[in-house]
Amino acid sequence: MNLTESKNLYEKKNFARLPEFGKLAPEAFKAFVQFDKIALQEKALSAKLKELIAVAVAHTTGCPYCIDLHVKNAKNLNTTKEEMAESIMVATALKAGSALAHGVNALNAYDETADEELYKEAYFSRLSEFSKLNGEVFSAFINFDTLSLKEGLLSAKEKELIAVAVAHTTGCPYCIALHVKASKKKGATKEEVAESIFVATALKAGSALAHGVNALNAFDEA
């Protein structure tokens, strides 16, 4: 293939190749499809909220196929464009926030702290130091983060559950602890938190599988 040749790597029609994995790796494919279906079934959390969580997580995994699929699923469950936008703003805040939260480790590294523990909950208290190091930008982020998680069309509890799911895809231990505790304060049960985590798990795994259609295309072209 000529590398200078113009080619769209992501097209909706590519997703139609996904069932091929059912022939190439049947047991694993069947097991994933079953897990994915159960994870998104309505239980403690409504099917609509689970699809909104899926939309948010799809924006953190960066999977265009997942975005297209779950936005349509959410719309079919009477999700408004405004509700969808709120879920995406939560995802945006959490993805950006995870970078800032890991900044406390950067402060430790820069200061050459002697502590062998790379992650301690106590380190999070250093976050406010960024207000002195880059005050205007830090203040702007805090304002955005606060507004994105403020109750709107989606309740504060729903937004915190979305945040919990996204935090598990960004892999930020500070964000996980913060938003699990916040969701509990907003009335979320442990079962609801667990369901949000399983939606995140299904979407993170699903994004890998969805990108597999590009692998099939690449293999066939080699």
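Refer to the preceding data block for the structure.
Structural notes, computed from the coordinates. Just so it is clear, the model here is predicted, and its values are computed rather than measured.

### What about the pattern of salt bridges?
Phase 1 of the analysis: The tally for this structure, following the rule as stated, stands at 13 salt bridges.
Phase 2 of the analysis: Its salt-bridge partner being Lys 48, residue Glu 83 comes within 3.0 Å of it at the nearest N-O pair. A residue pair is termed long-range when its members are at least 10 positions apart, and Glu 83 in helix α5 (residues 81–101) and Lys 48 in helix α3 (residues 47–61) qualify at 35 residues.
Phase 3 of the analysis: Note on Glu 83: relative accessible area 11%, which makes it buried.
Phase 4 of the analysis: When the shortest N-O distance is used, the salt bridge between Glu 86 and Lys 159 registers 3.4 Å. Of this pair, Glu 86 sits in helix α5 while Lys 159 sits in helix α9 (residues 156–170), and the two are 73 residues apart along the sequence. Just as Glu 86 is buried, Lys 159 falls in that class too.
Phase 5 of the analysis: One network of salt bridges, in which partners are shared, links Lys 12, Asp 68 and Lys 72.

### A word on the packing of aromatic side chains
Phase 1 of the analysis: Counted under the stated rule, the structure contains five aromatic pairs.
Phase 2 of the analysis: Summarising the aromatic geometry, the rings of Tyr 10 and Tyr 65 are spaced 5.4 Å apart at their centres and angled 55° between planes, so their arrangement reads as tilted. Of this pair, Tyr 10 sits in the segment before α1 (21–24) while Tyr 65 sits in helix α4 (residues 64–76), and the two are 55 residues apart along the sequence.
Phase 3 of the analysis: On the accessibility criterion, Tyr 10 (43% relative accessible area) is partly exposed.
Phase 4 of the analysis: Their ring planes at 40° and their centres at 5.5 Å tell us that Tyr 119 and Tyr 174 sit as a pair that is tilted. Of the two residues, Tyr 119 is situated in the loop between α6 (103–110) and α7 (130–133) and Tyr 174 in helix α10 (residues 173–185); the sequence distance between them amounts to 55 residues.
Phase 5 of the analysis: For Tyr 119, a relative accessible area of 40% translates into the label partly exposed.
Phase 6 of the analysis: Among the aromatic residues, ring-to-ring pairing joins Tyr 10, Phe 15 and Tyr 65 into one connected group.

### Section: α10
Phase 1 of the analysis: Relative to the 18 Å expected for 13 residues at 1.5 Å per residue, α10 spans 19 Å between its end C-alpha atoms, a close match to the ideal helical length.
Phase 2 of the analysis: Three or more residues of α10 are buried, namely Tyr 174, Cys 175, His 179, Ala 182 and Ser 183. Viewed end-on, α10 has its buried residues packed into an arc of 145°, placing them on one side of the element.
Phase 3 of the analysis: Buried residues along α10 sit in contact with α5, α6, α9 and α11 (190–221).
Phase 4 of the analysis: Trailing α10 by a residue or two, Gly 187 shows a phi angle of about 105°, which is positive.

Criteria and thresholds
- Residues numbered from 1 in each chain as written.
- Predicted model: local features only at pLDDT ≥ 70, side-chain atom pairs only at ≥ 80, totals over all residues.
- Heavy atoms only, no water.
- Salt bridge = Lys/Arg side-chain N within 4 Å of Asp/Glu carboxyl O.
- Helix = DSSP H or I, 4+ residues; strand = E, 2+ residues; numbered from the N terminus.
- Buried < 20%, exposed > 50% of the residue type's maximum accessible area, 1.4 Å probe, protein only.
- Phe/Tyr/Trp six-rings, centres within 6.5 Å; stacked < 30°, edge-to-face > 60°.
- Expected span 1.5 Å × (residues − 1).
- Arc of directions from axis to C-beta.
- Contact = heavy atoms within 4.5 Å.

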